[in-house]
Each structure stands twice: as structure tokens, then as C-alpha cells.
Amino acid sequence: MDASSSSSLVSIEASFFENLKGFILAVVSSAFIGSSFIVKKLGLQRAGASGVRASSGGYGYLKEPLWWIGMITMIVGELANFVAYMFAPAVLVTPLGALSIIVSAVLAHFFLKEKLQKMGILGCVLCIVGSTLIVLHAPSESSLTSVEEIWELATQPAFLLYLASAIAIVLVLILYCEPRYGQTNIMVYIGICSVIGSLTVMSVKAVGIAIKLTIEGSSQAASFQTWVFVMVAITCIITQLNYLNKP
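Predicted, not measured: the structure shown is a model, and the values here were computed from it.

**Some thoughts on the layout of surface pockets**
By volume, the largest pocket amounts to about 1900 Å³. In terms of lining, the largest pocket is formed by 50 residues, of which the most central are Ile-33, Phe-37, Met-74, Ser-100 and Leu-244. Every element with two or more residues in the lining of the largest pocket is listed here: helix H1 (3-49), helix H2 (65-87), helix H3 (90-96), helix H4 (99-111), helix H8 (187-215) and helix H9 (224-244). Ranked by residue count, the leading element in the lining of the largest pocket is H8, at ten residues. Split into classes, the residues belonging to the lining of the largest pocket amount to 33 nonpolar, 13 polar and four charged.

Structure, rendered in C-alpha cells:
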């Protein structure tokens, strides 16, 4: 075996183990996040029974210990998810987030007494099948050497068009739909969190790569692009958390 073949084999093995680490972290993340929704829901129900509900603008749940337990569980899950993005491609990590839906559905059946209907079971099966197919065919991730490379990709016309469209949709949902239909149609909150979530994935992936490169010896702290991605990630996460507690 010549040197080039040996080097290629080592690279493939390294990529496999990196993806495996990301896969395991993403699965663990889904378990924590899925269970956190149930614990937070129990906390919201308890807080709503003794005060103004979150959907009506109340923040009494902040005084509910059970809600904070759920929040801490979610933070642990999100941290695992964050680290997963450092090792594996977003196209591998993101679909595994669908597993949290299955965890939530199963736990809701037992703890919230929400009966899982046939269509719900079918949806869970489709989530598993879809996630499995994407994971099996996840592409190799190109090696990035700086946050500037990510910034260059993020400033391409196609992505900027998507960014503008996403922001416009979120503003319409928040400013027009949420005051009128938020309390009667849960899809408003799901839409807000889903669209913002796509931006969260991009920014968290960028921050994760920046941290990984810094640990490997190539500091990214001096790049202003790093801090732009950090601010975008924080803004998106806070917004999602706010609207996740509304339903």
C-alpha cells in the first residue's frame, strides 16, 4: 500500500469516528431534549393552575421548580447537541433531532395521559425511517480551517436570500399571526421555532467549528465573524425558548 492510499484510509477512519461521536452525542441530546419537553409541560401546567398561563403572557412558571428541572435537562441536551455539531456534519446531526419527538410522544402517553393515536405512531415510524436513511447516506464533511470560510459560505447570494425570507416569515408570524391566532393555533409557535431553528443550526455549527479549531491550536477568537455567529446563536436560542413555552 503506497503512502497516498494509507493516508486516505487514515482520513476515512478518522472521519468515521468523528461522525460516530457526533451520532452518539446527537442521540443522547434527543433523549434529554425530548424528556425535557414533558417535564417543562408538567411545570407549566402546575404554574398555570395557580396563576396566569404562559400562553396568556404569564411568567409564573419561572417560580416553578419542575419547570427549571426541565430547563436544565434541555440545556444538557442542547450542550450535547452543540458538541455533536463539532464532530459531525449538520446533515447527520440535525435529522437525529427528530428522535426527541418520539421520546416526547412516548413520555407524554405515560405522564401527560395524551393517547398516542395511529397517525401519531405512523409519524414516529416515519421519523425513525427518515432519520436512519439520512444518517446512512450522510456525506463527508469538507475540512474547514477558519471561521472566515464559513462566513464566505454564509454570505453567498442564495443563503442571503434564504436568510431574508426566513426573517420575513418570522416577523409576519410574530407581529401578525401570533397576536391573532397564537392562543388558538399551535402551528404559529411551531412555525416560529422551526424557521428560527434553521438559523440556529447554521450559527451553532459555525460556533462549534470555531471552538474545535481553537482547541486544535488555530484560535478563532480574534475573528469578528466568530462573535457574529455567537450573537446570532444566542438570539435564536432565546427566541425559540420564549415561544416554546407559549403553547
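What follows picks up the thread again.
**Comments concerning the side chain of Thr-200**
On the secondary structure map, Thr-200 appears in helix H8. On the basis of relative accessible area, Thr-200 is assigned to the buried category, the value being 10%.

**So, helix H7 (residues 157-181)**
For H7, with 25 residues, the first-to-last C-alpha span of 34 Å sits near the 36 Å given by 1.5 Å per residue. A maximum bend of about 35 degrees is found in H7 at Leu-173. What H7 keeps buried is the set Ala-166, Val-170, Leu-173, Cys-177 and Glu-178. On the buried face of H7, the contacting elements are H8 and H9.

**Observations regarding unusual backbone geometry**
One non-glycine residue with positive phi stands out, namely Lys-113, at about 60 degrees. Checked against the element boundaries, Lys-113 lands in the loop between H4 and helix H5 (118-136).

**Some points on helix H6 (residues 147-154)**
Every buried residue of H6 is accounted for by Val-147, Ile-150 and Ala-154. Down the axis of H6, the buried set is contained in an arc of 55 degrees. They therefore lie on one face. Residues of H6 that are exposed and point over 90 degrees away from its buried face: Glu-152 and Leu-153. The secondary structure elements touched by the buried residues of H6 are H7, H8 and H9.

**Description of the side chain of Glu-64**
Mapping Glu-64 onto the fold places it in the loop between H1 and H2. A residue is classified by how much of its surface remains accessible, and Glu-64, at 10% relative accessible area, is buried.

**Observations regarding the packing of aromatic side chains**
Counted by the stated rule, this structure contains five aromatic pairs. Ring centres of Trp-151 and Phe-224 lie 5.5 Å apart, and the angle between their planes is 65 degrees; on these two criteria the pair is classed as edge-to-face. Linking Trp-151 in helix H6 with Phe-224 in helix H9, this pair joins segments that are 73 residues apart in sequence. On the numbers, 5.8 Å between centres and 70 degrees between planes, the contact of Trp-151 with Phe-229 is edge-to-face. In this pair, Trp-151 is assigned in helix H6 and Phe-229 in helix H9, connecting sequence segments 78 residues apart. By relative accessible area, which is 26% here, Trp-151 ends up partly exposed. Look at Phe-229 and you get buried, because its relative accessible area is 4%. What links up through ring pairs into an aromatic cluster is the set Trp-151, Phe-224 and Phe-229.

**What about the pattern of salt bridges?**
Here the structure, examined in full by the defined rule, presents two salt bridges. Here Glu-18 ties to Lys-212 by a salt bridge, and the two come within 2.6 Å at their closest N and O atoms. With Glu-18 in helix H1 and Lys-212 in helix H8, this pair connects stretches of sequence that are 194 residues apart. We classify Lys-212 as partly exposed; its relative accessible area is 23%. In this structure, Glu-64 engages Arg-46 in a salt bridge whose closest nitrogen and oxygen atoms are separated by 3.4 Å. On the criterion of sequence distance, the pair formed by Glu-64 in the loop between H1 and H2 and Arg-46 in helix H1 is long-range, its members being 18 residues apart.

**Quick look at a nonpolar patch on the surface**
Taken together, Phe-16, Phe-17, Leu-20, Phe-23, Ile-24, Val-27, Val-28, Phe-32, Ile-72 and Val-76 make up a surface patch of nonpolar side chains, about 840 Å² in accessible area. When contributions to the nonpolar patch are tallied by element, the ones reaching two or more residues are H1 and H2. The leading source of residues in the nonpolar patch is H1, at eight residues. Relative to the helices and strands, Phe-17 resides in helix H1.

Conventions we followed
- Residues numbered from 1 in each chain as written.
- Predicted model: local features only at pLDDT ≥ 70, side-chain atom pairs only at ≥ 80, totals over all residues.
- Heavy atoms only, no water.
- 1 Å grid on protein atoms, 1.4 Å probe; cavity = no way out; pocket = protein on both sides within 12 Å on 5 of 7 lines; lining within 4 Å.
- Points joined across faces, edges and corners; volume = space filled by probe spheres on them.
- Helix = DSSP H or I, 4+ residues; strand = E, 2+ residues; numbered from the N terminus.
- Nonpolar A, V, L, I, M, F, W, Y, C, P; charged D, E, K, R; others polar.
- Buried < 20%, exposed > 50% of the residue type's maximum accessible area, 1.4 Å probe, protein only.
- Expected span 1.5 Å × (residues − 1).
- Bend = angle between axes of the 7 residues up to and from the residue.
- Contact = heavy atoms within 4.5 Å.
- Arc of directions from axis to C-beta.
- Phe/Tyr/Trp six-rings, centres within 6.5 Å; stacked < 30°, edge-to-face > 60°.
- Salt bridge = Lys/Arg side-chain N within 4 Å of Asp/Glu carboxyl O.
- Patch = residues over 30% accessible without salt bridge, like charges linked within 9 Å, V, L, I, M, F, W, Y side chains within 5 Å.
- Areas by Shrake-Rupley, 256 points an atom, 1.4 Å probe, with all protein chains shown as cover.

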